[in-house]
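An overview of the molecular structure
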Amino acid sequence: MKRIYLDHAATTPLDERVLNAMQPFFWQKFGNASSVHSFGTEAREAVEKSRETVAKAINARPEEIYFTSGGTESDNIAILEIAYANRERGKHIVTSKIEHHAVEETCKFLEKDGFMASWLGVDKEGLVDLGEVGNAVTGKTILVSVMHANNEIGTIEPIVEIGKICREKGAFFHTDAVQSVGKEKIDVNKMNIDLLSSSAHKFYGPKGAGFLFVKEGTEIQPLMHGGGHERGLRSGTENVPGIVGLAAALEIAEKEREKENARERILAKKLLKGALGIENSWLNGPAIGPKRLSNNVNLGFDFVEGESMVLMLSDKGIAASTGSACSSKSLEPSHVLRAIGLPHVKCHGSLRFSLGRGTTAKDIDYVLGALPRIVEKLRKISPLRKGVDISEFEEDIEHVHGHEH
Amino acid sequence: MYSEKVLKEFRHPKNLGKIHNPDGLGKVGNPVCGDLLWIYIKVGKNKKGQEIIKDIKVKTFGCVAALATSSKLTTMAKGMTLDEALKINKEKIAKELDGLPPQKMHCSVLSMDGLRRAIEDYRNKKAGRIEPSKKQPSRSSCRHRNKKGNGKSN
Ligand SMILES: Cc1ncc(COP(=O)(O)O)c(C=O)c1O
Ligand code: FES
């Protein structure tokens, strides 16, 4: 069966050019980058060259780039280690209600460890309010962490302005740019960013490789202690093939970014237009345009549940994802959809398509052929339809959950 | 994540839909993840004169496991006496489906509760109580909740 992958926000396939760049470092040039001999030096050279490539892509200096195992680790180092290194200055951090769990759970961990966190709300497009940021950041605030682009609904946050507020108030600014690196132009200087997390597998690089940008002069301490790799911030023998792959993937992504974004945006519009032809459907997040990642289309369909849709689509060869409570481990609906004000019952019917380099217009036609029938089939067997009163179940389906913050 | 049998049941569900003028109707909402299910029954008699479930249909707004267990439960219950049907429990349904993932056991509870309410509704109506199907307590007994992160991580 033909398979169509529309879950690029979850991960992307490795680009063949990246694979070719990585290959020698698995077996011919396998040296430990810390070794003095020639095996070590060729690995070291590759790591440092990669660091330069990455630095150039985001307008940083090579000394400001630290290689890690991915987005989760970068987020953890940034948040925990800024907090612990600066706790004498204040124990307050500010973040948003729509962060990835790697940030959300890390901030919650700090809350349990005596820090105070302020959770910024978002409007119905998923945008944080700059006035609220300004009010939340005080003299006691040591860190603000707001993501660049949201992984579920594709919202691009006003990080330039958030960074500016942080500079003025003397708080460090971290942004989780896992979804935006390689897709949106990043300039850490112009954007007032102190720390930035990124992960290679989201831009056609390998899994288990990422980086953290830390602006020179930022007080931070290591999470991993050991042999003092990565200038003491992140000990552990460098993942040389991963690092080489990350840099190669980023270089390609930067080169192709504008053309590819324009192409994906046209496809996203086509998908959206077709899908909204289905009755009782809507788009979650901002309209397709500058406030939204060009590859993200997050739809909602009344009266149907997302996990069932995802499996039926998968039976037709189509890979998508959902923020439905039923498809999460905790049986809670997506905290992002809740934060934009979607009631629980509507979160159930969310369906995320994230397009990528391999996506074609024909793929979109195929999806638009399959999707209406799937929604219709599930609606036929659903007790819900327009006008069905479910108020007697309100307590069960709405209030039992609800996010704590 | 799901067994072959669950997937098969999901792909080829039985008894989904609605019965017009049912003898009993059970409506339940799921306090664990927020899903809804309506069960409709028609009651007949077997040769011994015992009341049996002559026909049963279900409408489900829920996940793959909810749809599969609704379908399974209705096939199991069809033809059973009302008392037998009341003895179906979540373990029996799960066993018929070669097991369910632990966090999905509550989905089978939902369909069972729906059936119980439908039978209750029928018996109440028969006993002549006023509008019994209207205001039923809709809570399922299963209230376990897991407050960890929501597992959607990309
Ligand atoms: C916004 C965001 N942050 C962090 C992560 C975690 O990255 P990784 O999978 O590299 O740990 C992801 C993706 O999973 C993400 O989308
Ligand atoms: S019905 Fe929601 S998890 Fe099964």
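Residues numbered from 1 in each chain as written. Chains lettered and ligands numbered in written order. Predicted model: local features only at pLDDT ≥ 70, side-chain atom pairs only at ≥ 80, totals over all residues. Heavy atoms only, no water.

The next thing to look at is the sheet that holds strand β3 (residues 51-61) of chain B. All names here are of chain B. Strand order across the open sheet formed by three strands is β1-β2-β3, with antiparallel pairing between neighbours. In the strand order of this sheet, the two ends are held by β1 (24-29) and β3, each with one partner. Direction aside, neighbouring strands of the sheet carry axes that sit 20° apart on average. In this structure, β1 lies alongside strand β2 (residues 36-45), joined through six bridges in antiparallel fashion. Paired with Lys27 across the two strands is Trp38, which belongs to β2. (Pairing = 2+ DSSP bridges. Helix = DSSP H or I, 4+ residues; strand = E, 2+ residues; numbered from the N terminus. Axes fitted to C-alpha atoms, helices over the stretch in contact; angles between N-to-C directions.)

It is worth spelling out the domain arrangement of chain A at this point. Residues and elements named next belong to chain A. Structurally, chain A comprises domain 1 (4-9 + 257-401) and domain 2 (16-252). Computed from C-alpha coordinates alone, the two centres of domain 1 and domain 2 are separated by 29 Å. Facing 25 residues of domain 1, the contacting portion of domain 2 comprises 30 residues. Here domain 1 meets domain 2 over a buried area of about 2,300 Å², counting both sides, of which 51% is carbon and sulfur. Where domain 1 meets domain 2, there are one salt bridge. Between Glu125 and Lys291 there is a salt bridge whose closest N-O contact spans 3.1 Å. Taken together, the connections running from domain 1 to domain 2 amount to 13 residue pairs in polar contact (both at pLDDT 80 or more). Elements with a minimum of two residues in the side of domain 1 that touches domain 2: α8 (240-275), β10 (296-301) and α10 (335-339). Partitioned by chemical class, the residues of the side of domain 1 that touches domain 2 number nine nonpolar, ten polar and six charged. (Domains from an automatic or database assignment. Contact = heavy atoms within 4.5 Å. Buried area = accessible area lost by both parts, 1.4 Å probe. Salt bridge = Lys/Arg side-chain N within 4 Å of Asp/Glu carboxyl O. Polar contact = N/O pair within 3.5 Å; in protein donor to acceptor, adjacent residues only side chain to side chain. Nonpolar A, V, L, I, M, F, W, Y, C, P; charged D, E, K, R; others polar.)

It is worth spelling out the site of ligand 1 at this point. Around ligand 1, 15 residues are found, and the nearest of them are Thr72, Asp176, Gln179, Ser199 and Lys202 of chain A. Mapping the residues adjacent to ligand 1 onto the chains of the assembly identifies chains A and B. A distance of 2.5 Å is found between an oxygen atom of ligand 1 and a side-chain nitrogen or oxygen belonging to Thr72 of chain A. Residue Asp176 of chain A places a side-chain N or O atom 2.6 Å away from a nitrogen atom belonging to ligand 1. Starting from 390 Å² of accessible surface for ligand 1 in isolation, the protein chains cover 89%. Top element by residues in the shell around ligand 1 is helix α4 (residues 71-85) of chain A. It accounts for three residues. Partitioned by chemical class, the residues of the shell around ligand 1 number two nonpolar, ten polar and three charged. (Near = heavy atom within 4 Å. Areas by Shrake-Rupley, 256 points an atom, 1.4 Å probe, with all protein chains shown as cover.)

The predicted model of chain B averages 85 in pLDDT, with 83% of residues at 70 or higher. Interface confidence for the predicted complex, given as ipTM, is 0.87, next to a pTM of 0.92. (pLDDT = per-residue confidence, 0-100.)

Here we come to the packing of helix α9 (residues 306-315) of chain A against helix α2 (residues 64-77) of chain B. Contact geometry of α9 of chain A with α2 of chain B gives a least axis separation of 7 Å together with a crossing angle of 90°. The pairing of α9 of chain A with α2 of chain B is recorded here as roughly perpendicular in orientation. Here Glu307, Ser308 and Leu311 of chain A of α9 of chain A lie close against α2 of chain B, whose contacting residues are Val64, Ala65 and Leu67 of chain B. Within the contact of α9 of chain A with α2 of chain B, the residues separate by chemical class into four nonpolar, one polar and one charged. (Parallel < 35°, antiparallel > 145°, perpendicular 65-115°, else oblique.)

What follows is about the packing of aromatic side chains. Residue and element names in this part refer to chain A. Applying the stated criterion across every chain yields a total of two aromatic pairs over all chains. Consider the rings of Phe30 and Phe39, whose centres lie 5.4 Å apart with planes at 40°: the pair is tilted. A relative accessible area of 39% means that Phe39 is categorised as partly exposed. With 5.7 Å between their ring centres and 75° between their planes, Tyr84 and Phe115 make a pair best called edge-to-face. With Tyr84 in helix α4 and Phe115 in the loop between α5 (101-112) and β4 (116-120), the pair connects residues that are 31 residues apart, well separated along the chain. Note on accessibility: Tyr84 and Phe115 belong to one class, buried. Directly above the aromatic system of Tyr204 lies the positively charged group of Arg357, at a separation of 3.8 Å from the ring centroid. (Phe/Tyr/Trp six-rings, centres within 6.5 Å; stacked < 30°, edge-to-face > 60°. Buried < 20%, exposed > 50% of the residue type's maximum accessible area, 1.4 Å probe, protein only. Lys NZ or Arg CZ within 6 Å of the ring centre and 35° of its normal.)

This part is about the sheet that holds β10 of chain A. Working definition: the strands of a sheet are paired by backbone hydrogen bonds and lie parallel or antiparallel to each other. Residue and element names in this part refer to chain A. Spatial ordering of the open sheet is given by β9-β10-β12, a layout of three strands whose pairing is antiparallel. Bordering the open sheet on either side are β9 (281-284) and β12 (350-354), each of which pairs with just one other strand. Each neighbouring strand pair of the sheet contributes to a mean axis angle of 30°, computed without reference to strand direction. Note: β10 against β12, five bridges, orientation antiparallel. The residue bridging Leu299 from the neighbouring strand is Leu351, located in β12.

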